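Per-entry structural report
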Amino acid sequence: SKEMKKAWVKALEHLCTLKIPEALEIKAYACYGPGNGVYKQDYDTCRDCLLELLKIQADPSAANTLGYIYYYGRCTQGKPEYAKAFKYFSIGAAGGVIESRYKLADMFLNGYGVGKDPDTASRIIWDLYDESLQSFCKGLYVGAFADIALRAGSLVKDGVDCFPDYTEAYSLYLQ
């Protein structure tokens with residue numbers, strides 16, 4: 001109901017002023033993407049809540065989300081902030097977030113916010129591929145496996161750190 005939403009927002013906003021980590025996280029993700037039934041999409045608010053959350057506690061997932069906000073320029077009308085994205089993806093990667101690791105590879109591959117280094121990008125992707133393939137073959141679904149296989153296929157197609165091989169690239173794309 002309208003009253004329930006209003007009470008929920010009031011309570012959440014109060015908890016955010018008290019810097020309660022769970023409240024900051026809830027509000028951040030309520031504003032991320034398309035928003036939710038209470039909050040509209042607001043990347044600035046999402047960013048601010050996640051930055052505040054990171055002051056309070058280490059949260060690799062929050063750092064990963066900040067990386068995406070900066071990488072895609074969500075708060076700057078689409079203008080990427082690659083240096084900030086690199087910083088937060090690095091924090092996420094250090095905390096074990098797979099998506100942060102492959103986004104760092106993307107950044108090294110293209111020289112976004114860091115010196116262009118296709119060899120480092122290739123090592124990151126192939127390490128991730130080997131790790132996620134083992135899990136996938138054991139029946140453990142790793143949500144990022146398709147993203148990693150796609151990147152591995154592009155490396156093979158483009159001959160990054162190997163000879164180009166369209167058949168092998170196609171095989172990786174199908175994964």
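Now for a description of the structure that goes with this document. (Residues numbered from 1 in each chain as written. Predicted model: local features only at pLDDT ≥ 70, side-chain atom pairs only at ≥ 80, totals over all residues. Heavy atoms only, no water.)

**Examining the overall build of the protein**
Per the secondary structure count, the protein includes nine helices and zero strands. For the protein, the α and β elements follow one another from N to C terminus as α-α-α-α-α-α-α-α-α. Taking the principal axes of its C-alpha atoms as reference, the protein extends roughly 60 × 35 × 25 Å. Relative to its full complement of 175 residues, the protein shows a buried share of 39%. Between the centroid of the 20 positive side chains of the protein and the centroid of its 22 negative side chains there is a distance of 10 Å. (Helix = DSSP H or I, 4+ residues; strand = E, 2+ residues; numbered from the N terminus. Buried < 20%, exposed > 50% of the residue type's maximum accessible area, 1.4 Å probe, protein only. Lys, Arg positive; Asp, Glu negative; His and termini not counted. Charge placed at Lys NZ, Arg CZ, Asp CG, Glu CD.)

**Brief notes about the nonpolar core**
Nonpolar side chains in soluble globular proteins tend to be buried together. Among the nonpolar cores identified, the biggest contains 45 residues, and L50, F89, Y102 and Y129 are the most heavily contacted of them. In terms of residues, this core owes the most to one element, helix α4 (residues 60–71), which gives seven residues. Filtering out sequence-adjacent residues up to four positions away, L50 remains in contact with A28, Y29, A62, T65, L66 and I69. (Core = buried A, V, L, I, M, F, W, Y, C linked by side-chain atoms within 4.5 Å. Contact = heavy atoms within 4.5 Å.)

**Looking at the packing of aromatic side chains**
Under the counting rule described, the total for this entry stands at 15 aromatic pairs. Their ring planes at 75 degrees and their centres at 5.5 Å tell us that W126 and Y129 sit as a pair that is edge-to-face. You can see W126 and its partner Y129 sitting in helix α7 (residues 118–137), three residues apart, about one turn around the helix. With relative accessibility at 26%, the residue W126 sits in the partly exposed group. Three or more aromatic residues link up through ring pairs in this structure, and these residues are Y68, Y71, Y72, Y82, F89 and Y112. If you follow K103 out to its NZ or CZ, it ends over the ring of Y71, 3.8 Å from the centre. (Phe/Tyr/Trp six-rings, centres within 6.5 Å; stacked < 30°, edge-to-face > 60°. Lys NZ or Arg CZ within 6 Å of the ring centre and 35° of its normal.)

**As for unusual backbone geometry**
When glycine is set aside, most residues are seen to have a negative phi, and most peptide bonds are trans. We note that Q77 has phi near 50 degrees; this positive angle belongs to a residue other than glycine. If you check the backbone angles, D161 has positive phi at about 65 degrees while not being a glycine. With respect to the element layout, D161 can be found in the loop between α8 (145–158) and α9 (166–174). By relative accessible area, D161 is classed as exposed at 52%.

**A word on the pattern of salt bridges**
All chains considered together, the criterion is met by ten salt bridges. Notably, a salt bridge pairs R47 with D48, separated by 3.0 Å at the nearest N-O pair. Residue R151 is joined to D106 by a salt bridge in which the shortest nitrogen-to-oxygen separation is 2.8 Å. Taken together, the positions of R151 in helix α8 and D106 in helix α6 (residues 98–110) put the pair 45 residues apart, joining distant regions of the chain. With respect to class, R151 is no different from D106; both count as buried. Salt bridges sharing common partners tie together K19, E52 and K55. (Salt bridge = Lys/Arg side-chain N within 4 Å of Asp/Glu carboxyl O.)

**With respect to the environment of K40**
As for its placement among the helices and strands, K40 is situated in the loop between α2 (21–31) and α3 (43–56). Residues K40 and F145 lie 105 residues apart in sequence; the distance between their C-alpha atoms is 31 Å. The residues contacting K40, other than those within four sequence positions of it, are A30, C31 and G35.

**Regarding α7**
Since the α-helix packs 3.6 residues into each turn, any two residues three or four apart lie on the same face. Between its terminal C-alpha atoms α7 stretches 28 Å, which fits the 28 Å expected from 20 residues at 1.5 Å a residue. If you check which residues of α7 are buried, you get T120, A121, S122, I124, I125, L128, Y129 and S132. The inward-facing, buried residues of α7 contact α6, α8 and α9. Once α7 ends, the next one or two residues include G139, with phi positive near 90 degrees. (Expected span 1.5 Å × (residues − 1).)

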